[in-house]
Amino acid sequence: MPYNGTQVWDFLVGRDGVEIWLGPGAELGSEPGAAYETANGTTGEIRGRSEGDKLRLTWRPKDWDHDSTLQITVSGTEQKTTLRFHQEWLAGADEREEQRAYWTEVTERVVAALAER
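Residues numbered from 1 in each chain as written. Predicted model: local features only at pLDDT ≥ 70, side-chain atom pairs only at ≥ 80, totals over all residues. Heavy atoms only, no water.

A.B. asks: Tell me about helix H3 (residues 93-116), and please be specific about residues and values.
C.D. replies: Compared with an ideal rise of 1.5 Å per residue, which puts 24 residues at 34 Å, H3 spans 35 Å between its outermost C-alpha atoms and is within 8% of the ideal. Listed in full, the buried residues belonging to H3 are Glu95, Gln99, Trp103, Val106, Val110, Ala113 and Leu114. (Helix = DSSP H or I, 4+ residues; strand = E, 2+ residues; numbered from the N terminus. Expected span 1.5 Å × (residues − 1). Buried < 20%, exposed > 50% of the residue type's maximum accessible area, 1.4 Å probe, protein only.)

Quick look at the structure:
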C-alpha cells in the first residue's frame, strides 16, 4: 500500500478500520485478554498486541464450533506498507478458502478506505 505503517496501523485499530476487518459493532481492546463480540456474533479475545506492528487474537464466528487464531502484521517503509492477515487453526480446506476470500476482500476494502482519507 502506498501509505506509511503508522497510517495503516492507526486506521486498522481505529473504529472505521475495525468495522472493516473485525466486523460491525466490535470494539477492539488493547490489552491481552480483552474480549470482543461483533454484531454478527463473531467472538474472541486479544492475545497480544505490539503497537504499530502486530495484533494477535482469537476468532470464532457464531456458526463455528472452534476458535481460530488471527494475526495481523503491518510492516514497511515511510512510503510503502505491507498488511498481512494470517489465520491458524482452521478446520479444513473449505474453511481456509472461505477465509482467504474474506481476507482478500477485507484488504481491498482497507485500501479503498485509506484512499478516501
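A.B. asks: Just give me the short version of the nonpolar core, but keep the residues and values in it.
C.D. replies: In terms of nonpolar packing, the biggest core is built from 29 residues, with Trp21, Leu22 and Val110 touching the most fellow members. When residues of this core are traced back to their parent elements, those giving at least two are helix H1 (5-13), helix H2 (15-21), strand E3 (54-59), strand E4 (68-76), strand E5 (81-88) and H3. Here this core takes five residues from H3, the largest share from any one element. Contacts of Trp21, omitting those with residues within four sequence positions, involve Leu12, Leu28, Leu55, Leu57, Trp59, Leu70, Ile72, Phe85, Tyr102, Trp103 and Val106. (Core = buried A, V, L, I, M, F, W, Y, C linked by side-chain atoms within 4.5 Å. Contact = heavy atoms within 4.5 Å.)

A.B. asks: So what's going on with the packing of aromatic side chains? Residues and values would help.
C.D. replies: A full pass over the atoms with the stated rule returns four aromatic pairs. Between Trp59 and Tyr102 the ring centres are 5.8 Å apart and the planes differ by 55°, which places this aromatic pair in the tilted class. With Trp59 in strand E3 and Tyr102 in helix H3, the pair connects residues that are 43 residues apart, well separated along the chain. A residue is classified by how much of its surface remains accessible, and Trp59, at 4% relative accessible area, is buried. Of the residues examined, Tyr102 reaches a relative accessible area of 25% and is grouped as partly exposed. With a centroid separation of 4.7 Å and an interplanar angle of 80°, the aromatic rings of Tyr102 and Trp103 are classed as edge-to-face. Trp103 sits in the buried class, given a relative accessible area of 8%. (Phe/Tyr/Trp six-rings, centres within 6.5 Å; stacked < 30°, edge-to-face > 60°.)

A.B. asks: Can you explain the UniProt feature "domain: Activator of Hsp90 ATPase homologue 1/2-like C-terminal" (unreviewed entry) in the chain? Please cite residues and give values.
C.D. replies: Residues annotated in UniProt with the feature "domain: Activator of Hsp90 ATPase homologue 1/2-like C-terminal" (unreviewed entry) correspond here to residues 7-114. The annotated region residues 7-114 carries 33% helix and 31% strand content, and the separation between its end C-alpha atoms amounts to 8 Å. (UniProt positions renumbered as here; feature names shortened; annotations may be inferred.)

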